Amino acid sequence: MTAIARARAPRPDPFLDIDNYDPEADLMVMNLGPQHPSTHGVFRVLLYLDGEIIIKAVPYPGYLHRGVEKLCEKLTYAQITPIVDKNDYVAPMLNEQAVNMAFEKMLGAEVPPRALHMRTLIAEIQRVASHLLWLGTFAMDLGGALGGGTSVFMYCFREREAILDLFEKLTGCRFHYNTHTVGGQRHDIPAGWAAEVHRVLGAISDRIGEYEAMLSHPIFLKRTKGVGVIDAQLALELGLTGPLLRASGVDHDLRRDAPYHIYDQIKDLKVAVESDGDCLARYKVRVAELRESIRISRLLVDNVPEGPICGGRPIKQPGQFKAKAGQVYVGIETPRGELGTYLIAGGGKMGDTPYRLKIRPPSLHALAVVPYVFPGHSVSDAVAILGSLDPIMGEVDR
Amino acid sequence: MSELMLNPWIRALFWGLVMITGVMTVTAWSTWFERKFAGRMQSRMGPTLVGPLGLLQPIADACKLLQKEDLVPDSADRALFNLAPILTVGFALGVAAVVPFTPTMLAADLDVGVLWLLALSGLMVFPTWMGSWASNNKYSLISAMRAVAQGISYEIPMVLAIMVPVIMTGTLSLSDMVADQQKNGWIIYRLPLTGFLAFVIFFLAGLAEANRIPFDIPEAESELVAGPTTEYTGMKFGLFYMAEYIHTLLSSAICAAVFFGGWDGPIAPGLHWMLLKSVILFVFLTWVRWSFLRLRSDQLMNICWKYAVPATLALIPVTAFYTVYAAGKGGV
Amino acid sequence: MGWFDATFKTFGITLKNLLRKPSTVEFPAVQRERADRYRAASFALLHDENGEEKCIGCKFCEWICPSQIIAITATPKRESPFTGKKRGYAEDFTINLQACIVCELCIQVCPEDAIVMTRDNEQPGFSREDLVLTMDKLYANEKKTRLSWHTGAGLMEMQNPQRGQEKPAAAGAEDKPA
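Residues numbered from 1 in each chain as written. Chains lettered and ligands numbered in written order. Predicted model: local features only at pLDDT ≥ 70, side-chain atom pairs only at ≥ 80, totals over all residues.

### Observations concerning the overall build of chain C
Counted only if it meets this: Numbering of helices and strands runs from the N terminus; a helix is a DSSP stretch of H or I covering at least four residues, while a strand is a stretch of E covering at least two. Any residue with 12 or fewer other C-beta atoms within 10 Å of its own C-beta is exposed, any with 20 or more is buried, and the rest are partly exposed; the C-beta atoms used are placed from the backbone. Residues are defined as contacting one another if the C-beta atoms placed from their backbone atoms lie within 7 Å.
Assigned secondary structure in chain C consists of five helices and five strands. Reading the secondary structure of chain C in the N-to-C direction produces α-β-α-β-β-α-β-β-α-α. Per-residue burial for chain C yields a buried fraction of 29% across its 178 residues. Considering only residue pairs separated by 6 or more positions, chain C has 75% of its internal contacts joining residues 24 or more positions apart.

### A short note on the sheet that holds strand E2 (residues 70-79) of chain C
Residues and elements named next belong to chain C. The condition that has to hold: Here, a strand pair is defined by DSSP locating no fewer than two bridges between the strands. Only the stretch in contact is used when fitting a helix axis, every axis being a line fitted to C-alpha atoms; angles between N-to-C directions are given from 0 to 180 degrees.
With respect to topology, three strands assemble into an open sheet ordered E2-E3-E5, the strand pairing being antiparallel. With one partner strand each, in any of the chains shown, E2 and strand E5 (132-133) form the two edges of the open sheet. Bridge analysis of strand E3 (residues 86-96) against E5 gives two bridges, and the strand direction is antiparallel. Residue pairing for E5: Ile-95 is matched across the bridge by Leu-133. Relative to the sheet, helix H4 (residues 135-144) contacts E3 and E5, its axis offset from that of E3 by approximately 95°.

### Describing the domain arrangement of chain A
Residues and elements named next belong to chain A. The following threshold applies: Domain delimitation follows an automatic or database domain assignment.
Each domain of chain A was delimited in the assignment, giving domain 1 (3-60) and domain 2 (70-397). The C-alpha centroid of domain 2 is placed 30 Å from the C-alpha centroid of domain 1. Of the residues lining the interface, 21 residues belong to domain 1; the matching set on domain 2 comes to 20 residues. Those elements that provide at least two residues to the side of domain 1 that touches domain 2 are helix H1 (3-8) and strand E3 (53-60). For the side of domain 1 that touches domain 2, the element with the highest residue contribution is E3, accounting for seven residues.

### Structural notes on the pairing of E3 of chain C
Residues and elements named next belong to chain C. As paired strands, E2 and E3 are joined by eight bridges and run antiparallel to one another. In the strand pairing of E3, Glu-79 is matched with Lys-86. If you look at the hairpin formed by E2 and E3, you'll find six residues sitting between the two strands, and Gly-84 has a positive phi there, around 80°.

### A closer look at the sheet that holds strand E6 (residues 326-334) of chain A
Residue and element names in this part refer to chain A. If you trace the three strands from one edge of the open sheet to the other, you get E6-E7-E8, paired in antiparallel fashion. The open sheet is flanked by E6 and strand E8 (354-360), the only strands paired with a single partner. Across the sheet, the mean angle separating the axes of adjacent strands is 15° when strand polarity is ignored. Inspection of the sheet shows E6 paired to strand E7 (residues 337-345) by nine bridges, in the antiparallel sense.

### Concerning the interface of chain B and chain C
For the record, the criterion: Gly falls in the polar group here, along with every residue not listed as nonpolar (Ala, Val, Leu, Ile, Met, Phe, Trp, Tyr, Cys, Pro) or charged (Asp, Glu, Lys, Arg).
With eleven residues of chain B at the contact, the number on the chain C side is ten residues. In terms of residue class, the side of chain B that touches chain C is built from five nonpolar, four polar and two charged.

### Observations concerning helix H5 (residues 113-143) of chain A
Convention followed: For a helix, the expected span equals 1.5 Å multiplied by the number of residues minus one.
An ideal rise of 1.5 Å per residue puts 45 Å on 31 residues; H5 of chain A measures up with 45 Å between its terminal C-alpha atoms. Taken from the residues just after H5 of chain A, Gly-144 of chain A is the one with a positive phi, measuring 100°.

Laid out in structure tokens, this is it:
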């Protein structure tokens, strides 16, 4: 039996038999290890290799665990936003949005229409920035730190810098803004911001064509076509969401199917779906999402309604938000999938901090795919697949 | 002075020193050029701090590498570990001996120059393998396996592709080849135009031998840290790094000499033409490096065995028949 | 064939970028222009128009800081030499810049607009003590650094213009939605 055939033969669940696994004498055990030039944070995958083919892969997340959820149990609702900001450190606006939506649902706080509009707008702009970063790092995984991949990486980051400058004009920080609050936003749109947004996003949409041209080279197609196929059944079983699910053929997007904020007011929200489930399909889905987000942002930035940006009281006093006992779950669509916030509030004397704040990170489910998809591929493919899954270890480990 | 130069040992020593100094200096500044070029292509500045335009950057790099701690892993094979970088650079520099810069500026006018350079290119696979075996490191092992497979596979199209100019010019000596091109036209456009395809294949095979993108999977940083050189620090790593650049530069020089006519040019043939052609080819190589992604190991083996080898095998009889036919009809 | 076409396109794009002006600058010789609202991880304590310290030692900022980097020792209320009224003072005010997450919450909660952030983001030091700002350094920063735009009142005004000047209620009050 050839190595590939042996690797692709039906196998029992890799986690059920991990203690009884009997490594064959000719398999080499190698760590794709927590320190790794592959650009995905600290993540370890234990690979059992036969030559270059992976026979078994065991992922070990948890190197970036910082105890965020436990920390949030002793922080008041006003203080949680800047902490949770650091989970998905590539798209921080969406972390803040998820958590504050849960708080508002729990506290019954009303969000004024201007804030809802602003939230949707900056979430979409953040999605553009996140996908640009993904594109750059994916090309770098495929093409190498000293090669063509770095060129694409530099171009993408050049565009992303422009978006970060936009956010700096809005909030004062390029990263980790702490601009969402319970009941709305903390920073209002400055004068001239809409024109800046148009300029920046217009430039990006012109240049995406360039990067796509650079990446429609046969070398890229060879490296990504047929690599890391996740079929729809596996995706649904493992709880994949977002671009991963859509690239496997399942048409599900929270912005369209369970709209929150003003997503139901956006006409023809095009949701990109591909059916191959390989790295190329995930690439196509994300680039299509990038374009769609640019279109939505340019649409939304022109007609922001007037009014206050924060319903309820702005944060002026520690412990001013007190919740009654209860539980609430809110899920939003981030560039990685469905980011869920499950909040249990204590009520009474424990009303100003959450009893339990659980964050459902989409990247964790993406990494669950690793033992099923890696076997049968070579080590280079493993790196490409990991890149296309777009895991952010900050939110995987919290 | 001229009596001294008649002594073959003195001549060898002199030319050896000239070649080594020249090649190492050009290599050092080619790293500067590569970084500047890559920087500009990526919308950023390259080195700017050390010297005007960053021109003293190679000196800074050399000093940095020299002052680093010289680590030999505990479980490594010391002798092979220390020998590998020296051999790599030695073999790479050896190729410089036969490159015909001008009719008189040639370190060793071998009758079998082509054989010499192919042999040394082939030998360069050994120190790569030696270095990673001696490192006792799984990442190096995988890289070395890929590097060896790639190296020995791409020698075949390299050897076969360079047979085309050999057949067309009828000699294995590089300086005679250039002289022939001066008389009868450059290989690249000589009939039956197999020279162009042979050049493309030889060029790609040279890229593969030097482990440059798009064939640099052995040293794929995003997967395997630094490939066969993972455990090397300081100047030993510097030697490996330099060997890659020397190999690239000399590949472009050989291509310029063998396919593009060397020192020949429309006006005033001389050293400047040779240098100009080598530089253009090196710039092109650098451009390729910073524009493309890398091919996976089995994909590049596919290209070698399924496309390059049959193509060159087809080129040789075509060239041979044409050369004999044209000679029979009074040409060449 | 796909190879030639795509290869030429790729070369075209890299050539185009080669000829563009680089988008990086030689920092720190050239500094980039920061936005108006830029905030950096450093602080200043302000004096009011009489020259008196604005900080009344209420400890709201110490309470609200998610990273707990502020440490304040407040004195009992004493008479102010300027207005004659009894007000609180802070005897000791320490901010540990090493753990600041630049969240701006301390600015927002300050009822007296006493603390602001600065625009000078380069705060290197040779020892850890250099990164712990004591009260004298904080008050000196008022003149030494460029201050950021925001104050507690400014942020309140931006977030809820109708109720911008509302004084904070006593601790334990019920939260009323808008």
